[in-house]
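# Structural features, examined
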Amino acid sequence: MDMKNTNRFKRLALASLLAILVLAMLPLGISGEPQEQSPIRGKSTVSLNAKGIAVRKIDGDREKMDLGLSLTLNLGERGENFIRVEAVEGSVVIGGTIYGVAEARGVVLCRRNIIVLRLRRNDGSSMVLHIRYFWMGGGLYALRGLGVSSVENGRTIILFRGTAHVS
């Protein structure tokens, strides 16, 4: 092999290697989470609907109950990385018992995609929810969360999944 053929071979090998790297990296840029997200930041109302389970420990035994959440969050003051939740309307269903929301405080942490809520139900008990949301397109978000409901006779652990519609 003379010098001219060796240089041509090296250039061809380098071009092939670069082409392989570019083609291998291309799916990484295309797949995954969409680049253009519809941010909650510019919206004013979030409607959450979720189903899950509530587990309460009574006398050493665990009681497992169905859970349903139907909440509407009215968003208020917007900071650089957060949005305050001004009001929450709706209900929480635990084991067939419906509890209305009497008072609520909360915040949406925009960069972390998390909503933290503290609810006081109409029976006087309190509930804290930690909700992680994932954009699905348009104004639709998938969510999953956990929480704790405190009542006189103990705590109830809450796990749920659902959707959120932003308007």
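The following paragraphs examine the structure supplied in this document.

Calculation criteria
Residues numbered from 1 in each chain as written. Predicted model: local features only at pLDDT ≥ 70, side-chain atom pairs only at ≥ 80, totals over all residues. Heavy atoms only, no water. Pairing = 2+ DSSP bridges. Helix = DSSP H or I, 4+ residues; strand = E, 2+ residues; numbered from the N terminus. Patch = residues over 30% accessible without salt bridge, like charges linked within 9 Å, V, L, I, M, F, W, Y side chains within 5 Å. Areas by Shrake-Rupley, 256 points an atom, 1.4 Å probe, with all protein chains shown as cover. Salt bridge = Lys/Arg side-chain N within 4 Å of Asp/Glu carboxyl O. Buried < 20%, exposed > 50% of the residue type's maximum accessible area, 1.4 Å probe, protein only. Core = buried A, V, L, I, M, F, W, Y, C linked by side-chain atoms within 4.5 Å. Contact = heavy atoms within 4.5 Å.

### Considerations on the pairing of strand β4 (residues 97–109)
Alignment of strand β3 (residues 82–94) against β4, held across 8 bridges, turns out to be antiparallel. Along β4, the bridge assignment pairs Val-92 with Tyr-99. The hairpin turn running from β3 into β4, its antiparallel successor, is 2 residues long, and Gly-95 in that turn takes a positive phi close to 60 degrees. When β4 meets strand β5 (residues 114–121), the two strands line up antiparallel, connected through 8 bridges. The residue bridging Val-107 from the neighbouring strand is Val-116, located in β5.

### Things to note about a nonpolar patch on the surface
Taken together, the side chains of Leu-146, Ile-157 and Leu-159 define a hydrophobic patch exposed on the protein surface, amounting to about 270 Å² of accessible area. As for its placement among the helices and strands, Leu-159 is situated in strand β8 (residues 154–166). Assessed through its relative accessible area of 43%, Leu-159 is described here as partly exposed.

### Re the nonpolar core
Formed by 34 residues in total, the largest nonpolar core has its most connected members in Leu-71, Leu-73, Val-88, Leu-117, Leu-119, Leu-129 and Phe-160. Secondary-structure elements contributing two or more residues to this core are β1 (45–58), β2 (61–78), β3, β4, β5, β6 (126–137), β7 (140–151) and β8. In terms of residue count, β2 provides more of this core than any other element does, 6 residues in total.

### Observations regarding the environment of Gly-68
In this fold, Gly-68 is placed in strand β2. Assessed through its relative accessible area of 17%, Gly-68 is described here as buried. Beyond its immediate stretch of four places on either side in the chain, Gly-68 contacts Ala-50, Ser-91, Val-92 and Val-93.

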